[in-house]
Structures are given as structure tokens and as C-alpha cells.
Amino acid sequence: MRIGVFDSGLGGIATLKDLIKYKPNNEYIYFGDTINLPYGEKTKEELKDYADKIINFLKEKEVDMIIIACGTISSNIYEEIKDSYGIPIYDIINPICNYLENKCHDVLLLATSMTIRSKVFKSKLEEKNIKVYDKECPMFVPIIEGKNKEDINKYIEEYLIDYKNRNIDLIIPGCTHYPLISKELENYLNVKVLDIGYIIASSLDIKDSKKGLEIYFSKIDDSLLENVKRIIGDTEIKLKKL
Ligand code: DGL
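Here the structure is a predicted model, which is why all the values come from computation and not from measurement.

Trainee: Requested: an account of the sheet that holds strand 6 (residues 131-136), with residues and values cited.
Mentor: Read from one edge to the other, the open sheet built from 3 strands follows the order 6-5-7, with strand pairing classed as parallel. The sheet terminates laterally at strand 6 and strand 7 (170-173), the two strands that pair on one side only. Looking at each pair of strands side by side, their axes are set apart by 25° on average, direction ignored. Across 6 bridges, strand 5 (residues 106-111) lies against strand 6 in parallel orientation. Counted as the bridge partner of Ala111 is Glu136 from strand 6.

Shown next as C-alpha cells:
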């Protein structure tokens with residue numbers, strides 16, 4: 001199948017890597033909206049406008065389905081837009097919440113400001129009888145996308161220090177960028193980070209077809225290309241600017 005995937009930037013690339021790993025025989029068309037990063041600080045109206053442009057672009061590419069590899073879009077506008085484009089559109093929150101039913105008790109949900117403030121992710125987890133601590137981590141995305149990666153431990157400490165002695169059995173990366181700092185989060189709290197890429201990939205009912213990969217970004221620089229190569233694990237990868 002031809003599968004459109006989008007996010008603001010590298011977070012969706014981390015999800016794409018897992019889609020390719022677990023569902024390899026498909027054509028993936030990725031769009032990363034780097035010019036509008038970070039989505040986590042945008043208004044609902046802005047998010048709707050970005051999503052509309054990207055979904056229409058992916059439809060022009062004749063995809064069979066679209067995966068919103070973004071917690072911020074999934075929590076803030078998914079329910080409103082999902083039936084508006086005449087094509088199946090999937091979010092990341094529903095598959096994660098369905099997967100977690102009866103698998104954990106007290107979780108720490110980390111996500112962007114817009115995701116946490118929407119309360120959508122938290123209430124869908126609570127519907128599954130899971131106790132949820134939630135925390136906005138607005139500096140994680142700029143650090144993951146930027147050059148000062150060594151700052152990450154400083155912000156992990158700032159955001160997570162209050163959760164050190166709670167009985168948390170799982171960290172949920174409610175932003176698709178955060179699996180890129182799973183090890184650092186696990187080391188700090190000594191709690192496992194949920195593998196959301198596996199869950200998203202295995203929730204999809206996808207028919208095998210031929211393989212393919214096209215990656216578009218609204219803004220590209222050398223460090224973005226290096227990061228994409230590192231995450232996907234393919235040094236030959238080419239990015240297209242749109
Ligand atoms: N990776 C996205 C998310 O899952 C967007 C993060 C951002 O651009 O702030 O929320």
C-alpha cells in the first residue's frame with residue numbers, strides 16, 4: 001500500500017523507521033513540517049491549517065491511508081478532521097490506549113504542551129482504568145531537533161525530578177519525538193519507556209505491496225539530513241524540499 005505519514009519533523013521519522021521495520025513491504029511517503037516546528041506550541045487553528053495542507057499534499061501523492069505520526073495533531077484535531085478527507089486517517093493515541101488496556105497501572109505521560117493541555121490522551125488512558133501522571137516537556141523537541149543535544153539531561157531532571165519516588169510502571173512518550181531520548185528517560189527514572197513505534201505499526205491492517213520511500217520536508221539543512229540518516233539507518237537516503 002501507499003502510506004502517507006506526517007509530523008512536524010524528526011518524531012515522525014522515528015515512527016517511520018518502525019513502520020519500515022515492522023511493515024516493510026509498503027511505499028511510504030513522509031512529510032515533515034520543519035518550517036512550522038514545534039507544533040506543540042501552536043494554536044488549534046494553526047494545527048488544522050498545517051494538517052490540511054499536508055493531507056492534501058499526501059492525497060495528491062495518491063496514498064491509500066495517512067498516519068498522523070504526531071501526538072499534538074492526534075490529541076487536538078484528529079477527531080474533528082478524521083472523516084473529512086475521503087481517505088482513512090489514523091492517529092497515534094487510540095492504538096496506544098487500546099494496547100495498554102490491562103497492561104499497566106500507574107503511567108507517566110510525557111508530551112508537548114498542546115497535547116497535555118488538551119487532556120485527550122490522559123482521559124483515553126483513564127478510560128482504560130490507568131492512573132496517569134502527566135507532564136508537559138516543551139524543551140524536548142527543540143533540543144532533539146537542534147544542536148545542543150547535551151542540554152537534554154538538564155531538562156529531563158527539571159521535568160522529571162518530582163516523579164522519582166512515585167510508583168510509576170511505565171513512561172508513555174506522548175510525543176513521537178520522545179522515543180529518540182528513550183534511553184536518557186529510562187536511565188533517569190529507571191522506568192521503561194513504551195515502544196510506541198511497534199504499537200502504531202502493529203495496529204495497522206496493511207496489505208503488502210512493493211517497497212518505496214519518499215521523504216519531504218518543508219525546510220532542510222545538513223543537520224536534518226544527518227539526523228534522518230542516523231534514525232532510519234540508511235546513509236544513502238535523499239530528502240526532498242517542498
Ligand atoms: N512529534 C510531534 C508530537 O508528537 C510534534 C512535536 C512538536 O513539533 O512540538 O507531538
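Trainee: Before we move on, can you summarise the pattern of salt bridges with the specific residues and values?
Mentor: For the coordinates displayed, the defined rule picks out 12 salt bridges. Measuring nitrogen to oxygen at the nearest pair gives 3.1 Å for the salt bridge that ties Lys53 to Asp49. Residue Lys53 and its partner Asp49 are located together in helix 2 (residues 44-60), separated by 4 residues, close to a single helical turn. Since its relative accessible area comes to 36%, Asp49 is described here as partly exposed.

Trainee: Describe the site of the ligand, naming the residues involved and giving the relevant values.
Mentor: In the neighbourhood of the ligand, 14 residues make up the surrounding shell, with Ser8, Tyr39, Gly71, Thr72 and His177 lying closest. Between an oxygen atom of the ligand and a side-chain N or O atom of Thr72, the distance comes to 2.6 Å. At a separation of 2.7 Å, a nitrogen atom of the ligand approaches a polar side-chain atom of His177.

Trainee: Describe helix 9 (residues 152-160), and please don't skip the residues or the numbers.
Mentor: Of the positions making up helix 9, those classed as buried are Ile152, Tyr155, Ile156, Tyr159 and Leu160. Taken around the axis of helix 9, the buried residues stretch over an arc of 110°, which confines them to a single face. Buried residues belonging to helix 9 abut strand 5, strand 6, helix 8 (140-145) and helix 10 (182-189).

Trainee: Please provide a residue-by-residue account of helix 12 (residues 222-232), values included.
Mentor: If you check which residues of helix 12 are buried, you get Leu224, Asn227, Val228, Lys229, Ile231 and Ile232. In this structure, the buried side of helix 12 is in contact with helix 1 (10-22), helix 8 and strand 8 (212-217). Between a side-chain oxygen at the N-terminus of helix 12 and the backbone nitrogen of Ser223 the separation is 3.2 Å; the capping residue is Asp221.

Trainee: Before we move on, could you go through the nonpolar core and cite the residues and values that matter?
Mentor: Ranked by size, the top nonpolar core spans 43 residues in total, and within it Val5, Ile13, Leu100, Leu125, Ile172, Ile215 and Val228 carry the most contacts. Of all the elements, helix 1 adds the most residues to this core, at 5 residues.

Trainee: Break down the side chain of Thr72 for me, with residues and values.
Mentor: Turning to its location among the elements, Thr72 is positioned in helix 3 (residues 71-76). Overall, Thr72 belongs to the buried group, its relative accessible area being 3%. Sequence-distant contacts of Thr72, defined by excluding residues within four places in its chain, comprise Tyr39, Gly40, Leu47, Thr112, Met114 and Thr115.

Trainee: Explain the environment of Ala201 residue by residue, including any values.
Mentor: Looking at the secondary structure, you find Ala201 in helix 11 (residues 196-202). On the basis of relative accessible area, Ala201 is assigned to the buried category, the value being 0%. Separated by 135 residues in sequence, Ala201 and Ile66 have C-alpha atoms that sit 13 Å apart. Not counting residues up to four positions away in its chain, the partners in contact with Ala201 are Asp18, Leu19, Tyr22 and Lys23.

Trainee: Tell me about unusual backbone geometry, residues and numbers included.
Mentor: The omega torsion across Leu37 and Pro38 is -10°, close enough to zero to call that bond cis. Position of Pro38 relative to the elements: it lies in the loop between strand 2 (27-32) and helix 2. Of note, Asn102 is a non-glycine position whose phi angle comes to about 65°, a positive value. Within the secondary structure, Asn102 is located in the loop between helix 5 (93-100) and strand 5. Although it is not a glycine, Asn129 adopts a positive phi angle of roughly 65°. Relative to the elements of secondary structure, Asn129 occurs in the loop between helix 7 (120-126) and strand 6. Residue class for Asn129 comes out exposed when judged on its relative accessible area of 70%.

Criteria and cut-off values
Residues numbered from 1 in each chain as written. Predicted model: local features only at pLDDT ≥ 70, side-chain atom pairs only at ≥ 80, totals over all residues. Heavy atoms only, no water. Pairing = 2+ DSSP bridges. Helix = DSSP H or I, 4+ residues; strand = E, 2+ residues; numbered from the N terminus. Axes fitted to C-alpha atoms, helices over the stretch in contact; angles between N-to-C directions. Salt bridge = Lys/Arg side-chain N within 4 Å of Asp/Glu carboxyl O. Buried < 20%, exposed > 50% of the residue type's maximum accessible area, 1.4 Å probe, protein only. Near = heavy atom within 4 Å. Polar contact = N/O pair within 3.5 Å; in protein donor to acceptor, adjacent residues only side chain to side chain. Arc of directions from axis to C-beta. Contact = heavy atoms within 4.5 Å. Core = buried A, V, L, I, M, F, W, Y, C linked by side-chain atoms within 4.5 Å.

Note that all results are geometric; they support no functional claim without further evidence.
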